[in-house]
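Coordinate inspection notes
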Amino acid sequence: MTALRDLRQADTTVSAAVREGAHQPYEYVRRELVEPDWRRFPGWSGVTEAQWRDAQWQRVNCVKNERQLRKVVGGLLDESFYAELLADQEQLATMSMLLPPQMLNTMAPTAEAAEFTEAFFADPIRRYMLPVRSDRDPEWPSHPHSTRDSLHEAEMWVVEGLTHRYPTKVLAELLSTCPQYCGHCTRMDLVGNSTPQVDKHKLALKPVDRQDQMIDYLRRTPGVRDVVVSGGDVANVPWKQLESFLMRLLDIETVRDIRLATKALAGLPQHWLQPSVVEGLERVARTAARRGVNLAIHTHVNHAQSVTPLVAEAARTALEVGVRDVRNQGVLMRGVNATPEALLDLCFALQGEAGVLPYYFYMCDMIPNAEHWRVAVWEAQELQHAIMGYLPGYATPRIICDVPYVGKRWVHQLAEYDRELGVSYWTKNYRAGTEREEAEDAEAILSRRYPYYDPISTLPATGQRHWREHPTYEG
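What this report covers is the structure whose coordinates are included nearby.

Criteria and cut-off values
- Residues numbered from 1 in each chain as written.
- Predicted model: local features only at pLDDT ≥ 70, side-chain atom pairs only at ≥ 80, totals over all residues.
- Heavy atoms only, no water.
- Pairing = 2+ DSSP bridges.
- Helix = DSSP H or I, 4+ residues; strand = E, 2+ residues; numbered from the N terminus.
- Axes fitted to C-alpha atoms, helices over the stretch in contact; angles between N-to-C directions.
- Buried < 20%, exposed > 50% of the residue type's maximum accessible area, 1.4 Å probe, protein only.
- Core = buried A, V, L, I, M, F, W, Y, C linked by side-chain atoms within 4.5 Å.
- Contact = heavy atoms within 4.5 Å.
- Phe/Tyr/Trp six-rings, centres within 6.5 Å; stacked < 30°, edge-to-face > 60°.
- Right-handed = clockwise from strand over helix to strand, strands pointing away.
- Expected span 1.5 Å × (residues − 1).
- Parallel < 35°, antiparallel > 145°, perpendicular 65-115°, else oblique.
- Left-handed = near helix turned anticlockwise from the far one by under 90°.
- Nonpolar A, V, L, I, M, F, W, Y, C, P; charged D, E, K, R; others polar.

Let's shift gears to the sheet that holds strand β11 (residues 416-418). Here we have three strands laid out as an open sheet, ordered β11-β12-β13, and antiparallel in their pairing. Edge positions in the open sheet fall to β11 and β13 (450-453), since each of these has one partner strand only. Across the sheet, the mean angle separating the axes of adjacent strands is 20 degrees when strand polarity is ignored. The pairing of strand β12 (residues 423-426) with β13 spans four bridges and is classified as antiparallel.

A few words now on helix α16 (residues 377-387). Taking burial as the measure, the eleven residues of α16 include eight buried ones, the bulk of the element. Among all positions in α16, only Val 377, Glu 379, Ala 380, Gln 381, Leu 383, Gln 384, Ala 386 and Ile 387 are buried. Following α16 by one or two positions, Gly 389 has its phi on the positive side, about 95 degrees.

A separate point is the nonpolar core. Ranked by internal contacts, the top residues of the largest apolar core, which has 137 residues, are Leu 69, Val 229, Ile 258 and Trp 272. Here this core takes eight residues from helix α15 (residues 340-354), the largest share from any one element. Ignoring sequence-local partners within four residues, the contact set of Ile 258 consists of Val 227, Val 229, Leu 246, Leu 249, Leu 250, Val 293, Asn 294, Leu 295 and Ala 296.

Taken as a whole and judged by the stated rule, the model has 19 aromatic pairs. When the ring of Tyr 26 is compared with that of Phe 348, the centres are 6.1 Å apart and the planes differ by 10 degrees; the resulting orientation is stacked. Separated by 322 residues along the polypeptide, Tyr 26 in the loop between α1 (2-20) and α2 (49-52) and Phe 348 in helix α15 bring together distant segments of the chain. For Tyr 26, a relative accessible area of 5% gives the class buried. Plain terms: the ring middles of Trp 38 and Trp 52 are 4.6 Å apart, the flat faces sit at 5 degrees to each other, and that makes the pair stacked. Placement of the pair is Trp 38 in the loop between α1 and α2 and Trp 52 in helix α2, with a sequence separation of 14 residues.

With that settled, the discussion passes to unusual backbone geometry. Backbone torsion omega between Gly 231 and Gly 232 reads 25 degrees, so that peptide bond is classified as cis. Following the sequence through the fold, Gly 232 ends up in the loop between β4 (226-230) and α10 (239-250). Its identity as a non-glycine residue notwithstanding, His 152 has a phi of 60 degrees, on the positive side. Position of His 152 among the secondary structure elements: in the loop between α8 (124-129) and β1 (157-159). Here His 152 falls in the buried class, since its relative accessible area comes to 14%.

In this section: the pairing of strand β3 (residues 169-173). Judged by how many residues are buried, β3 sits mostly within the fold: four of five residues are covered. Here two bridges tie strand β2 (residues 162-163) to β3, and the two strands are oriented antiparallel to one another. In the strand pairing of β3, Leu 162 is matched with Ala 172. Strand direction decides the pairing type here: β3 and β4, joined by five bridges, are parallel. Its bridge partner being in β4, Ala 172 is matched across the sheet by Val 229. Each parallel crossover has a hand, and for β3 linked through helix α9 (residues 207-220) to β4 it is right-handed.

A word on α15. Its 15 residues give α15 an end-to-end C-alpha distance of 20 Å, which sits within 8% of 21 Å, the value for a rise of 1.5 Å per residue. For α15, a buried count of eleven out of 15 residues is recorded, marking the element as mostly surrounded by other parts of the structure. Pro 340, Ala 342, Leu 343, Leu 344, Leu 346, Cys 347, Phe 348, Ala 349, Leu 350, Glu 353 and Ala 354 are the residues of α15 that are buried. A positive backbone phi angle near 70 degrees is found at Gly 355, which sits one or two residues after α15.

Of all the seven residues making up strand β8 (residues 357-363), five are buried; the element is thus mostly covered by neighbouring parts of the structure. Of the strand pairs in this sheet, strand β7 (residues 325-332) and β8 are connected by six bridges, and their pairing is parallel. Residue pairing across strands places Gln 329 opposite Tyr 360, the latter belonging to β8. Judged from the three bridges that link them, β8 and strand β9 (residues 398-403) form a sheet pairing that is parallel. Its bridge partner lying in β9, Phe 361 is registered against Ile 399. Handedness of the crossover is the feature at issue here: the chain leaves β8, passes through α16, returns alongside β9, and the resulting connection is right-handed.

Further remarks concern the environment of Lys 428. Mapped onto the secondary structure, Lys 428 falls in the loop between β12 and α17 (442-447). Separated by 267 residues in the primary sequence, Lys 428 and Gly 161 place their C-alpha atoms 23 Å from one another.

Moving on, we get to the side chain of Thr 317. By the secondary structure assignment, Thr 317 is in helix α14 (residues 309-320). Apart from the residues lying within four places of it in its own chain, the contact partners of Thr 317 are Leu 273 and Val 278.

With their axes 9 Å apart at the nearest point, α15 and α16 run at an angle of 55 degrees to one another. By the angle between their directions, the pair α15 and α16 is classed as oblique. With respect to the hand of their crossing, α15 and α16 are arranged in right-handed fashion. Together, Pro 340, Leu 343 and Leu 344 of α15 and Leu 383, Ala 386 and Ile 387 of α16 make up the contact between the two elements. A per-class count over the contact of α15 with α16 returns six nonpolar, no polar and no charged.

Structure follows, in structure tokens:
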């Protein structure tokens, strides 16, 4: 609880310094990217560079449990960490553990052995990729209105895995696995293995049947021009299968934008550097260019430590073979990147050193046991203000609140805000694809105010007392 309080005080101190304007709040210093030395871990002391760059070696040597973590880290970590990790896995975790060596290697990259446990506990990447029990909010681990499918994507499936949430855009979930599992995953109801707290839903159709239904729907729905191909993570789709699906999308004349969603560009860049994948990506990119379709990769990086030379190499390789853009969609999380300095350091590493465009930072979604990560809307607004003016305009990310039943909104687009109770209200200007036939409800859909809730721990004492007394309050 003390650590969580210290984090909040640190965030508030940074915000106050920005407001005071006594000195330049952020000074840019160019920092060259560094690949941390994986040999500092006892279990990897003999791993060669060729092995490290091999995608199959990375996948085979993923850390999936406490026993495998011990094998890699050895005595660098005290027993206190393992106890906290096991307690979280058994009592609170919504995602199972899955860490590629590349991702684990970015945690506490410069810590000396004597200080390693303390540095590992405090590490920003560890905080969201390998959460422990003491990270969680002790009183409000979950908001009363948190849900497994916080964005209600499955409610908007037009066929299995195809979410038609926006008038002209769809999300195609090809599979439910990733090369790595983030603790804050917004699709925790579907993605990954079940945990003691969460019995995951399963996709029922065979991949080929699911893809056939998706393609058929898009051919019958010419109003859709933009397809986000995701999952899970497209890096877990066998390349030949993924390339076939992308080529079928490119055959649909009304599809003009295709975005490939993959955190693996940062978590497993070795995948995107495999010759077979690079060659296949070039075939897809050339076909897209020939047909006038914008092909982009969207990745998910949350801290500057994740941006290493291998990540930059993977991003620049994708651009070299014809992918139009590589963009980053991070998640704003307390203890990870919820300060102006952390956000700007990350953006400069991405845009300046790796060729990745900072695009969005989403507020962490309202899934169970995520309250320690989430920030209030007003905090997100302050952060948006604080990062303005440092980056090129085209590389200045927007901070986004993904409002249930509404969609992505800039954090200043709210219609009304009750700061005491932490309830903001939002409106929408379109009907979801699944709402198209509900003509009689069109006016109600477009005039309705949709609530979104700040973390209760960020509220004043009166607001916190209200939620203790009225946990079902909806605003």
